[in-house]
Amino acid sequence: DAGITQSPRHKVTETGTPVTLRCHQTENHRYMYWYRQDPGHGLRLIHYSYGVKDTDKGEVSDGYSVSRSKTEDFLLTLESATSSQTSVYFCAISESIEQYFGPGTRLTVT
Amino acid sequence: AQSVTQLDSQVPVFEEAPVELRCNYSSSVSVYLFWYVQYPNQGLQLLLKYLSGSTLVKGINGFEAEFNKSQTSFHLRKPSVHISDTAEYFCAVSEFRTGNQFYFGTGTSLTVIP
């Protein structure tokens, strides 16, 4: 398995609070991604990074920001969490074509 | 942007029977194609991929898929399923020109019945 960890694995938070999810890789892969998974929608891309400090928006980026200050870490921040952001969040990494996924973070916004 | 369609949201099949999970994509440009499997409460695991060459690709756990360019399809098949194949299966497409951006289908839940 690709060396990808996500933290926390589970989180419950209240509406309006900021939340940061962390993705850490030990593979030294260039590309990193954040997806959310919701029933009936599959996986949708939130943001991605193609290098340190190089990021871009995906399909569902509103309400989210990201940062990548080191090759191994990619942070996803929900600036002010809303109930619509209750989801399972997956990080993925890639060096060429295939993407490899982390175990996921289940986030519940109450 | 690509559109990936997995027509069957749920597929029940008896153990040791064959199964086909369907995937169609929208783009006529050159693409890379993937199938991922997700077991309950886990991340996605790469099952197989088509990058170039032979249109019939084999993956892990006895699965195979066939790329059909004229029909823009990449259907997943297994000749004899096991209980352990019960999982969610996702088709994904990446276009040559956009590099690493993936587009996922909505998934097919395969349930193998004893």
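Here's what I pulled together on the structure shown here. All figures in this text were calculated on a predicted structure; none of them were measured in a lab.

The final tally for this structure, using the stated rule, is two disulfides over all chains. A disulfide bridge connects Cys-23 of chain A with Cys-91 of chain A, and the sulfur atoms are separated by 1.9 Å. The S-S bond linking Cys-23 of chain A to Cys-91 of chain A shows a torsion near -70°; that makes this disulfide left-handed. Of this pair, Cys-23 of chain A sits in strand β3 (residues 19–25) while Cys-91 of chain A sits in strand β9 (residues 87–94), and the two are 68 residues apart along the sequence. The two residues Cys-23 of chain A and Cys-91 of chain A agree in class, both being buried. Here Cys-23 of chain B engages in a disulfide with Cys-91 of chain B; their sulfurs sit 1.9 Å apart. Here the disulfide of Cys-23 of chain B and Cys-91 of chain B is left-handed, its torsion about the S-S bond being about -65°. Placement of Cys-23 of chain B in the loop between β3 (19–21) and β4 (24–25) and of Cys-91 of chain B in strand β10 (residues 87–95) is noted, with a sequence separation of 68 residues between them. Each of the two residues, Cys-23 of chain B as well as Cys-91 of chain B, counts as buried.

Residue and element names in this part refer to chain A. Of all the 10 residues making up strand β5 (residues 42–51), nine are buried; the element is thus mostly covered by neighbouring parts of the structure. In this sheet, β5 lies alongside strand β4 (residues 31–38) in antiparallel orientation, the contact comprising seven bridges. The partner of Met-32 across the bridge, within β5, is Ser-49. The hairpin turn running from β4 into β5, its antiparallel successor, is three residues long, and Gly-40 in that turn takes a positive phi close to 80°. Bridge count between β5 and strand β6 (residues 54–57): four bridges; the pairing is antiparallel. Each bridged residue has a counterpart across the sheet, and for Gly-51 the counterpart in β6 is Asp-54. Between β5 and β6, which pair antiparallel in sequence order, lie two residues; one of them, Lys-53, sits at a positive phi of approximately 65°.

Applying the stated criterion across every chain yields a total of 10 salt bridges over all chains. Linking Glu-98 of chain A and Lys-49 of chain B is a salt bridge whose minimum nitrogen-to-oxygen distance equals 2.0 Å. Of this pair, Glu-98 of chain A sits in the loop between β9 and β10 (100–101) while Lys-49 of chain B sits in strand β6 (residues 44–50), each in a different chain. Of the residues examined, Glu-98 of chain A reaches a relative accessible area of 9% and is grouped as buried. Glu-66 of chain B serves as the salt-bridge partner of Arg-77 of chain B, at 3.4 Å between the closest nitrogen and oxygen. Placement of the pair is Arg-77 of chain B in strand β9 (residues 73–78) and Glu-66 of chain B in strand β8 (residues 64–68), with a sequence separation of 11 residues. For Arg-77 of chain B, a relative accessible area of 27% gives the class partly exposed. A relative accessible area of 35% means that Glu-66 of chain B is categorised as partly exposed.

Thresholds, definitions, all that
Residues numbered from 1 in each chain as written. Chains lettered and ligands numbered in written order. Predicted model: local features only at pLDDT ≥ 70, side-chain atom pairs only at ≥ 80, totals over all residues. Heavy atoms only, no water. Disulfide = S-S within 2.5 Å. Helix = DSSP H or I, 4+ residues; strand = E, 2+ residues; numbered from the N terminus. Buried < 20%, exposed > 50% of the residue type's maximum accessible area, 1.4 Å probe, protein only. Pairing = 2+ DSSP bridges. Salt bridge = Lys/Arg side-chain N within 4 Å of Asp/Glu carboxyl O.

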